[in-house]
Amino acid sequence: MIPMKLSENTLKNIMVLLVIAIVSIVVVVAFNYFLSHRQNQNQADVYHPNWSKVNPIDFLNILKKHPDKPFTIENYPPQGWIKGEHVNKLIELIDSQEPAASVVSIISSYYPFNQTSTVGNEAMFLIEGFKAGQYPPTLCSTYYFKGDPEEYRKWWDEQKN
């Protein structure tokens, strides 16, 4: 091995780059910790509902209790969880402007910080889940989803006939 002689300026530059790299790593780790901690603080109290004991109307009531805390769905309800009998009640709520928590899938890259939904929007999101055969039907109820109450009323009237 041939020993290399580095100039004093080169050594200083290497040290500066090393300090910058270490500070960058610390900042990234601290930022990730902050986001993870904040997301956990913003979660609603119910993390893993027993979907066999919680129906869509009960779930909507949970969302109403914590409108400022997005609800992350980690364990998905079974297919067919939302039934026609639930849609009847949900249709009655689609115009409600009462605040409710946003629903976000655990696999979503978007997290609705400081974003509140409404009972009406979440009712339409549940209805969309009924139509799609799965809930949640999209990754986030406030970012990826835009429901129109009139279209849902019209669709439900057609379904009932």
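Computed from a predicted structure; not experimentally measured.

Chemist: Which parts of the structure should I look at to understand helix 2 (residues 56-65)?
Modeler: Residue pairs three or four apart in sequence face the same way in an α-helix, which turns once every 3.6 residues. Buried within helix 2 are the following residues: Pro56, Ile57, Phe59, Leu60, Ile62 and Leu63. Where helix 2 begins, the side chain of Asn55 points an oxygen toward the backbone nitrogen of Ile57, at a separation of 2.8 Å.

Chemist: Explanation requested: unusual backbone geometry in the structure shown.
Modeler: Only a minority of non-glycine residues have a phi that is not negative, and only a minority of peptide bonds are not trans. Here the bond from Tyr135 into Pro136 is cis, since omega is 0°, no more than 30 degrees from zero. Looking at the element boundaries, Pro136 is found in the loop between helix 4 (119-132) and helix 5 (149-160).

Chemist: Help me out: how do you make sense of the nonpolar core in this one?
Modeler: Soluble globular proteins: nonpolar side chains tend toward being buried together. Ranked by internal contacts, the top residues of the largest apolar core, which has 29 residues, are Phe59, Leu63, Leu90, Leu126, Ile127 and Tyr135. It is helix 4 that provides the largest number of residues to this core, a total of six residues. Once residues within four sequence positions are removed from consideration, Leu126 is found in contact with Pro56, Phe59, Leu60, Trp81, Ile82, Leu90 and Tyr135.

Chemist: What is the right way to look at the environment of Lys83 in this model?
Modeler: Relative to the elements of secondary structure, Lys83 occurs in the loop between strand 1 (71-73) and helix 3 (84-91). Linking Lys83 and Ile106, residues 23 residues apart in sequence, is a C-alpha distance of 24 Å. A polar contact is formed between the side chain of Lys83 and the backbone oxygen of Gly80, at a distance of 2.8 Å.

Chemist: Is there a simple way to think about helix 4 in this case?
Modeler: Its 14 residues place the ends of helix 4 20 Å apart at the C-alpha level, agreeing with the 20 Å of an ideal helix rising 1.5 Å per residue. Counting buried positions along helix 4 gives 10 out of 14 residues, so the element sits mostly inside the fold. Among all positions in helix 4, only Val119, Gly120, Asn121, Glu122, Ala123, Met124, Phe125, Leu126, Ile127 and Gly129 are buried. Packed against the buried residues of helix 4 are helix 2, helix 3, strand 2 (99-100), strand 3 (103-105), strand 4 (117-118) and helix 5.

Chemist: When you look at the packing of aromatic side chains in this model, what are you seeing that I'm missing?
Modeler: Ring pairs (aromatic) are described by centroid distance and by the angle formed between their planes. Counting across every chain of the model gives 14 aromatic pairs. Judged by centre distance (5.1 Å) and plane angle (65°), the ring pair of Phe125 and Phe145 falls under edge-to-face. Of the two residues, Phe125 sits in helix 4 while Phe145 sits in the loop between helix 4 and helix 5, which places them 20 residues apart along the sequence. Owing to a relative accessible area of 0%, Phe125 belongs among the buried residues under this scheme. Measuring from ring centre to ring centre gives 6.1 Å for Phe130 and Trp155, while their planes differ by 70°; the resulting arrangement is edge-to-face. Of this pair, Phe130 sits in helix 4 while Trp155 sits in helix 5, placing them 25 residues apart in sequence. In this structure Phe130 comes out as partly exposed when scored by relative accessible area, which is 28%. Look at Trp155 and you get buried, because its relative accessible area is 15%. Across the ring face of Trp155, the terminal group of Lys131 is positioned such that the distance to the ring centre comes to 5.1 Å.

Calculation notes
- Residues numbered from 1 in each chain as written.
- Predicted model: local features only at pLDDT ≥ 70, side-chain atom pairs only at ≥ 80, totals over all residues.
- Heavy atoms only, no water.
- Buried < 20%, exposed > 50% of the residue type's maximum accessible area, 1.4 Å probe, protein only.
- Helix = DSSP H or I, 4+ residues; strand = E, 2+ residues; numbered from the N terminus.
- Polar contact = N/O pair within 3.5 Å; in protein donor to acceptor, adjacent residues only side chain to side chain.
- Core = buried A, V, L, I, M, F, W, Y, C linked by side-chain atoms within 4.5 Å.
- Contact = heavy atoms within 4.5 Å.
- Expected span 1.5 Å × (residues − 1).
- Phe/Tyr/Trp six-rings, centres within 6.5 Å; stacked < 30°, edge-to-face > 60°.
- Lys NZ or Arg CZ within 6 Å of the ring centre and 35° of its normal.

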